[in-house]
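Spelled out, the chains give:
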Amino acid sequence: MVSYIIVSYNTSKLTVECVKSILDNCSDYEVIVVDNGSRDDTVSKLDETFAKEIVSDKLKVLDTKTNNGFSKGNNIGASVAKGGYYVFINPDTIVKSDLSAELTEPLKTKYKGKDVLIAPKILNPDLTVQHSVNCYPLKSIGLLIKHFKNKIFKNKSYLSADWITGVCYCVKKETFEKLGGWNEEYDLYSEDLDFCYRINKKLNGKVILYNCVSIIHYGNQSGKQIYTTDFASFEKKENALRKFYNIYYNDNKFYKWLKFVSRFKKSDEFNQYMEKYFGEKK
């Protein structure tokens, strides 16, 4: 069985649509929604819309009444999951095919016995491809090599990556437990980077984009409600990345990364961040 784990926060309509798309298209499943203290009607709408599925235990709605953050929310969902495979999926997504079969099949065959994270191709609502494959944010010639390699081989059925944006991940329960779950030092942003990094480095596993399978993703729907300015959102993302550096490297490497990035892209938010945290006007 596949356990679909959704962490919701003030995304009532989208969460209902996401759950419905899983129920309509997927086989051999249970769906677990962990609500992080939404102020809207997410929990009541789920209870009302899927009363039959809740009674049959196909859907569990965990009303935590507090904002646990994305990582802890996922861990809460996994703690009650009964499936042998976990699919961590964002509430602002729409499933159009049987992910249960499509994402677990490579884990049972091509990657049998290995610790592998497999993710579908992500599409925008207009069905154009949404960027999701990333290189580790580390300054080196290898970064450019990997970037061009991803460009060249982007249409391969199975594309190996450093990390994939955490919209939808499928892993075996065994792999998740060996990993120790999501790192709760992150509450929002960079937890997907950390998750993939540990699969690659701690488990000597693989992170794979499966281009033959796709889902639709609206994108950053909860974040838009939390951060009222562009700088607030940028600051949160950069501080989450800074946390990653300080867990695995050091703050000096983070600073060098920012300087490296500044050669290629700058913005008012970047300049404001550099001045606030490093006393530098760019």
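Everything quoted here is computed from the prediction, not taken from an experiment.

1. A few points about the packing of aromatic side chains
Here is step 1: Considering all chains together, one arrives at 27 aromatic pairs under this definition.
Here is step 2: Centre to centre, the rings of tyrosine 86 and phenylalanine 176 are 5.4 Å apart; their planes meet at 70 degrees, and the pair counts as edge-to-face. Placement of the pair is tyrosine 86 in strand 4 (residues 85–89) and phenylalanine 176 in helix 7 (residues 173–179), with a sequence separation of 90 residues. Taken individually, tyrosine 86 and phenylalanine 176 each receive the classification buried, so the pair is uniform in this respect.
Here is step 3: Each ring, one from phenylalanine 244 and one from tyrosine 245, has its centre 6.1 Å from the other, and the planes form 90 degrees; the classification is edge-to-face. Both residues of the pair, phenylalanine 244 and tyrosine 245, count as buried.
Here is step 4: Stacked on the ring of tyrosine 158, the Lys or Arg lysine 110 has its end atom at 5.0 Å from the ring centre.

2. Thoughts on the packing of helix 11 (residues 251–262) against helix 12 (residues 268–278)
Here is step 1: For the pair helix 11 and helix 12, interaxial distance at closest approach is 12 Å and the crossing angle is 150 degrees. Classified by the interaxial angle, the pair formed by helix 11 and helix 12 is roughly antiparallel. Handedness of the crossing formed by helix 11 with helix 12: left-handed. Two secondary-structure elements touch here, helix 11 through Asp251, Phe254, Tyr255, Leu258, Lys259 and Ser262 and helix 12 through Phe270, Tyr273, Met274 and Phe278.

3. Quick notes on the nonpolar core
Here is step 1: The biggest cluster of nonpolar side chains holds 44 residues, and the ones touching the most others in it are Tyr86, Phe88, Leu117, Tyr169, Val171, Phe176 and Phe195.
Here is step 2: Ranked by size, the runner-up nonpolar core spans 35 residues in total, among them Ile6, Val87, Leu99 and Leu103.

4. As for helix 10 (residues 230–248)
Here is step 1: Over its 19 residues, helix 10 runs 28 Å from end to end, which matches the ideal 27 Å to within 8%, given 1.5 Å per residue.
Here is step 2: Every buried residue belonging to helix 10 is among Phe231, Ser233, Phe234, Glu235, Glu238, Ala240, Leu241, Arg242, Phe244 and Tyr245, and all of these are buried.
Here is step 3: Buried-residue contacts for helix 10 involve helix 8 (191–201), helix 11 and helix 12.

5. Description of unusual backbone geometry
Here is step 1: In the Ramachandran plot, asparagine 10 falls in the positive-phi region, its phi being about 55 degrees despite a non-glycine side chain.
Here is step 2: For asparagine 10, the location among the structural elements is in the loop between strand 1 (2–8) and helix 1 (12–25).
Here is step 3: A positive phi angle, close to 60 degrees, is found at lysine 65, a residue other than glycine.
Here is step 4: The exposure class assigned to lysine 65 is exposed, which follows from its relative accessible area of 67%.

6. Overview of the pattern of salt bridges
Here is step 1: The final tally for this structure, using the stated rule, is 10 salt bridges.
Here is step 2: We note a salt bridge from lysine 276 to glutamate 235, for which the minimum N-O separation is 2.6 Å. Here glutamate 235 lies in helix 10 and lysine 276 lies in helix 12, a separation of 41 residues in the sequence.
Here is step 3: When salt bridges with common partners are traced through the structure, they connect Glu30, Asp57, Lys60 and Lys82 into a single cluster.

Scoring rules and cut-offs
- Starting afresh in each chain, residues are numbered from 1 along the sequence in its written order.
- Local features in this predicted model are restricted to residues of pLDDT 70 or higher, and side-chain atom pairs are both shown and tallied only at a pLDDT of 80 or more, whereas totals for entire chains, interfaces and linings draw on every residue.
- The side-chain quantities take in all heavy atoms of the structure and omit both hydrogens and water.
- Between the rings of Phe, Tyr and Trp (Trp by its six-membered ring), a pair exists once the centres lie within 6.5 Å; its type follows the angle of the planes, with under 30 degrees stacked, over 60 edge-to-face, and the other angles tilted.
- In this text, helices come from DSSP runs of H or I with a minimum length of four residues, and strands from runs of E with a minimum of two, each type numbered from the N-terminal end.
- Think of it in three bands: residues with accessible area under 20% of the maximum for their type are buried, residues over 50% are exposed, and the middle band is partly exposed, with areas taken using a 1.4 Å probe on protein chains only.
- Two limits define a charge over a ring: the Lys NZ or Arg CZ must be within 6 Å of the ring centre, and within 35 degrees of the ring normal.
- Axis lines are fitted through C-alpha atoms, for helices just across the contact stretch, and the angle between N-to-C directions can take any value from 0 to 180 degrees.
- Comment on the angle field: the value is read as roughly parallel under 35 degrees, roughly antiparallel over 145, roughly perpendicular from 65 to 115, and oblique elsewhere.
- Note on convention: near helix rotated counterclockwise from far helix by under a right angle means a left-handed crossing. Clockwise means right-handed.
- Residue contacts are counted whenever heavy atoms from the two residues lie within 4.5 Å of one another.
- What we call a nonpolar core is a set of buried Ala, Val, Leu, Ile, Met, Phe, Trp, Tyr and Cys residues that are connected through their side-chain atoms within 4.5 Å.
- How far a helix is expected to stretch is found by multiplying one less than its residue total by 1.5 Å.
- In what follows, salt bridge is the name for a side-chain nitrogen of Lys or Arg lying within 4 Å of a carboxyl oxygen of Asp or Glu.

Interpretation in functional terms is not warranted from these geometric data alone.
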